[in-house]
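Letter by letter, the chains look like this.
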Amino acid sequence: MKIVLPLVAVIMLVVLAFAGVQVAGMQFLFGVLIPYLAIAFFIAGFIYRVIKWGMSPVPFCIPTTAGQMKSFPWIKQNKLDNPSSTMGVVGRMALEVLVFRSLFRNTKTELREGPQLSYGSEKFLWIAGLAFHWSFLIIFIRHFRFFMLETPFVIQMIEGLDSFLQIGAPLLYLTDVVLLGAVTFLVFRRLAMPLIKYISLPADYFPLFLILGIATSGILMRYFMKVHIVGVKEMVLGLVSFNPVVPEGIGVIFYIHLFLVSTLLAYFPLSKLMHMGGVFMSPTRNMANNSREVRHVNPWNYPVHVHTYDEYEDEFREKMKKAGLPVEKE
Amino acid sequence: MYNSGKIIAGLVVFLAFFAFPFYYNLGKANARPEPKLNTPVIQQLAEKKCVESRDFMRSEHMQLLNDWRDSVVRDGNRIYVNAEGKKHTISLQNTCMNCHSNKKEFCDSCHNYMAVKPYCWSCHIQPKEDKS
């Protein structure tokens with residue numbers, strides 16, 4: 001049920017877009033209104049989620065300390081795994097975001113014959129995650145040729161590199177293959193490993209199936225069920241310049257692709273996909289381990305009235321003297 | 001909000017990236033390419049028709065040209081039979097470019113719009129056009 005539900009949901013989305021465009025002829029709804037709503041919801045929802053996170057106080061200084069902290073000058077500090085300065089934090093965050101260093105340290109625990117518990121390095125999740133995220137980014141950037149009348153040189157260069165094997169026509173993009181392979185692996189990983197399968201929820205499968213659907217529809221559109229691509233660009237430019245037009249004769253597969261992307265955008269702020277913004281908001285990653293230099297004040301500390309020793313002595317000095325107790329001030 | 005300076009800076013970067021197409025295209029005209037079909041050869045044709053239908057050619061021409069190349073170069077077959085059963089000689093320069101002799105106004109108009117760079121002319125000789 002945890003797997004079937006999201007799968008059926010994605011299939012229903014495809015059917016909905018197909019029926020809406022092919023049968024009911026609602027090109028304007030699926031091509032203009034829904035994308036606008038989805039983008040607006042994505043941007044507003046993203047900002048809302050980040051600001052809401054920003055409102056929550058961080059009571060303790062809790063950076064993960066995965067190496068030697070700053071200590072005596074003759075003890076070498078691990079500046080990336082236990083940063084004590086802003087530069088160190090930026091470095092650790094950059095490596096985390098760009099190469100997923102914490103996933104690289106992923107380990108696997110196995111109970112073997114014996115019984116014997118063994119731990120081993122597990123790099124497949126890291127490799128597949130890296131391949132998936134980077135291809136997704138390159139594909140996203142590549143799509144900017146549809147969003148700009150004159151495609152900048154950088155984007156043409158990325159596209160040229162991505163298709164440099166010159167297979168078929170239109171040229172096969174390497175990232176299409178890598179993305180599809182990586183997402184398929186990530187789905188099978190959840191299905192094949194019993195422990196992962198046990199903790200996987202519909203909210204884990206749905207984005208995977210949705211992205212698989214987006215990639216599949218995009219690949220179908222480029223290589224197999226070709227669409228009137230000049231019309232597509234005309235329509236997209238119309239959308240982004242707020243002069244929506246719906247050219248005739250674009251294939252239905254484009255509307256399916258667009259509807260799935262709109263769904264992803266609208267779903268984004270509601271889901272675990274918010275890790276895009278969330279990684280920067282994680283106190284375990286964005287704080288410096290400098291608690292011995294800088295006092296971290298809990299922002300929701302209640303202003304407690306304290307009675308210090310000085311005040312105590314001021315109050316009872318005379319009585320203390322009479323009783324023969326030592327006082328700090330005469 | 002805590003650390004509001006850093007968070008707002010991050011959100012500005014987010015907006016700069018994701019809203020880029022919207023502010024980049026502000027006030028820019030959406031100029032759709034109009035490939036020109038008025039070459040002398042096309043004007044003299046009795047039936048103005050390509051080797052396949054317009055819709056097929058519009059979306060599948062790159063696949064067709066790729067198949068044509070493989071057919072000639074690998075199989076030595078220079079005859080193409082279209083959907084209507086009509087035979088055409090497979091040749092970019094003698095069939096395609098015979099009618100569409102205006103590469104700049106025909107091929108390039110859409111290819112530039114879509115930022116597509118076909119590698120036809122790294123082997124074939126690019127036609128010399130009078131109008132430039």
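Worth saying up front: this structure is predicted, and the values here are computed from it rather than measured.

Cut-off values and rules
Within any chain, residue numbers begin from 1 and follow the written order of that chain's sequence. In the order they appear in the text, chains get letters beginning with A and ligands get numbers beginning with 1. Totals for whole chains, interfaces and linings use every residue, but because this is a predicted model, local features are given only for residues with pLDDT of at least 70 and side-chain atom pairs only at 80 or more, for both listing and counting. The side-chain numbers reported here are obtained from all heavy atoms of the structure, hydrogens and water having been left aside. Runs of E in the DSSP output that reach at least two residues are strands. Runs of H or I that reach at least four are helices, and both are numbered from the N terminus. To get the radius of gyration, use the C-alpha atoms; to get the globule rule, take the number of residues to the power 0.38 and multiply by 2.2 Å. Classification of residues uses two cut-offs on accessible area relative to the type maximum, computed with a 1.4 Å probe and protein chains only: under 20% is buried, over 50% is exposed, and between them is partly exposed. Accessible areas in this description were obtained via Shrake-Rupley with a 1.4 Å probe; residue shielding takes into account the shown protein chains only. None of His or the chain ends enter the tally, which takes Lys and Arg as positive and Asp and Glu as negative. To locate a charge, take NZ of a lysine, CZ of an arginine, CG of an aspartate or CD of a glutamate. Basic side-chain nitrogens of Lys or Arg form a salt bridge, by our definition, when they fall within 4 Å of a carboxyl oxygen of Asp or Glu. Note on definitions: a residue-residue contact is assigned when non-hydrogen atoms from the two residues lie within 4.5 Å. We define buried area as the total accessible area lost by two parts upon association, computed with a 1.4 Å probe and summed across both. Polar contact criterion, stated in full: a pair of N or O atoms within 3.5 Å, where within protein one must be able to donate a hydrogen and the other to accept it, and residues adjacent in sequence count only if both atoms are side-chain atoms. Patches in this entry comprise residues that are over 30% relatively accessible and not in a salt bridge; like charges within 9 Å are linked, as are nonpolar side chains (Val, Leu, Ile, Met, Phe, Trp, Tyr) within 5 Å. The term nonpolar core refers to a set of buried residues drawn from Ala, Val, Leu, Ile, Met, Phe, Trp, Tyr and Cys, joined through side-chain atoms within 4.5 Å. Only centres within 6.5 Å qualify two rings of Phe, Tyr or Trp (six-membered ring in Trp) as a pair; their planes then separate them into stacked at under 30 degrees, edge-to-face at over 60, and tilted for everything else. Throughout this description, the term charge over a ring refers to an Arg CZ or Lys NZ atom that lies within 6 Å of the ring centre and within 35 degrees of the ring normal.

### Regarding the overall build of chain B
Regarding its fold elements, chain B presents six helices and two strands. Mapped in sequence order, the helices and strands of chain B form the string α-α-α-α-β-β-α-α. Rg of the C-alpha trace for chain B: 22 Å, well past the compact-globule value of 14 Å for 132 residues, more than 25% over. Judged by the C-alpha coordinates and their principal axes, chain B covers about 75 × 35 × 30 Å. Among the 132 residues that make up chain B, the fraction classed as buried is 31%. If you sum the accessible surface of chain B, you get close to 8,900 Å²; carbon and sulfur atoms cover 57% of it. Charged side chains in chain B number 18 positive and 13 negative. The centres of these two groups are separated by 6 Å.

### Some remarks on the pattern of salt bridges
In the structure shown here, the tally under the stated rule is 23 salt bridges over all chains. Three or more residues are tied together by salt bridges with common partners; here these are A:Lys108, A:Glu110, A:Arg112 and A:Glu122.

### Observations regarding the interface of chain B and chain A
In this complex, chain B contributes 32 residues to the contact, which on the side of chain A involves 48 residues. Interface area, chain B with chain A, both sides summed: about 3,700 Å², of which 71% is carbon and sulfur. With its nearest N and O atoms 3.2 Å apart, the salt bridge here joins A:Lys226 to B:Glu60. Applying the counting rule to chain B against chain A returns nine residue pairs in polar contact (both at pLDDT 80 or more).

### Quick word on a negative patch on the surface
All names here are of chain A. Negative charge collects at one region of the surface, where Asp310, Glu311, Glu315 and Glu328 lie side by side. By the element assignment, glutamate 328 lies in the segment after helix 15 (309-322). By relative accessible area, glutamate 328 is classed as exposed at 64%.

### What to know about the nonpolar core
A:Phe46, A:Leu210 and A:Phe254 are the most contacted members of the largest nonpolar core, which has 57 residues in total. In this structure A:Phe46 touches A:Phe41, A:Phe268, A:Pro269, A:Met274, A:Met276, A:Gly277, B:Leu11 and B:Phe14, once residues within four positions along its chain are discounted. B:Trp68, B:Val72, B:Leu92 and B:Met97 belong to the second-largest nonpolar core, a separate cluster that totals 10 residues.

### Describing the packing of aromatic side chains
A full pass over the atoms with the stated rule returns 30 aromatic pairs over all chains. On the basis of an interplanar angle of 75° and a centroid distance of 4.6 Å, the ring pair of A:Phe104 and A:Trp126 is categorised as edge-to-face. Here A:Trp126 lies in helix 5 (residues 124-142) and A:Phe104 lies in helix 4 (residues 101-104), a separation of 22 residues in the sequence. One aromatic cluster in this structure is built from A:Phe42, A:Phe46, A:Phe140, A:Phe144, A:Phe147, A:Phe268, B:Phe14, B:Phe17, B:Phe18, B:Phe20, B:Tyr23 and B:Tyr24. Residue placement shows A:Arg142 over the ring face of A:Tyr173; its charged tip is 3.5 Å from the ring centre.

### Considerations on the side chain of A:Glu96
All names here are of chain A. For glutamate 96, the location among the structural elements is in helix 3 (residues 86-99). Looking at glutamate 96, its side chain comes within polar contact range of the side chain of serine 102, at 2.6 Å. If near-sequence neighbours (up to four positions away) are discounted, glutamate 96 is found in contact with Arg101, Ser102, Val279 and Arg285.

### With respect to a nonpolar patch on the surface
On the surface, a nonpolar cluster with roughly 560 Å² of combined accessible area is contributed by A:Val97, A:Leu98, A:Val99, A:Trp134, A:Leu137, A:Phe280 and B:Phe17. Counting only elements with at least two residues in the nonpolar patch, the list comes to helix 3 and helix 5 of chain A. Considering each element in turn, the nonpolar patch owes the most residues, three residues, to helix 3 of chain A. Relative to the helices and strands, A:Trp134 resides in helix 5. Classification of A:Trp134 by relative accessible area gives partly exposed; the value is 36%.

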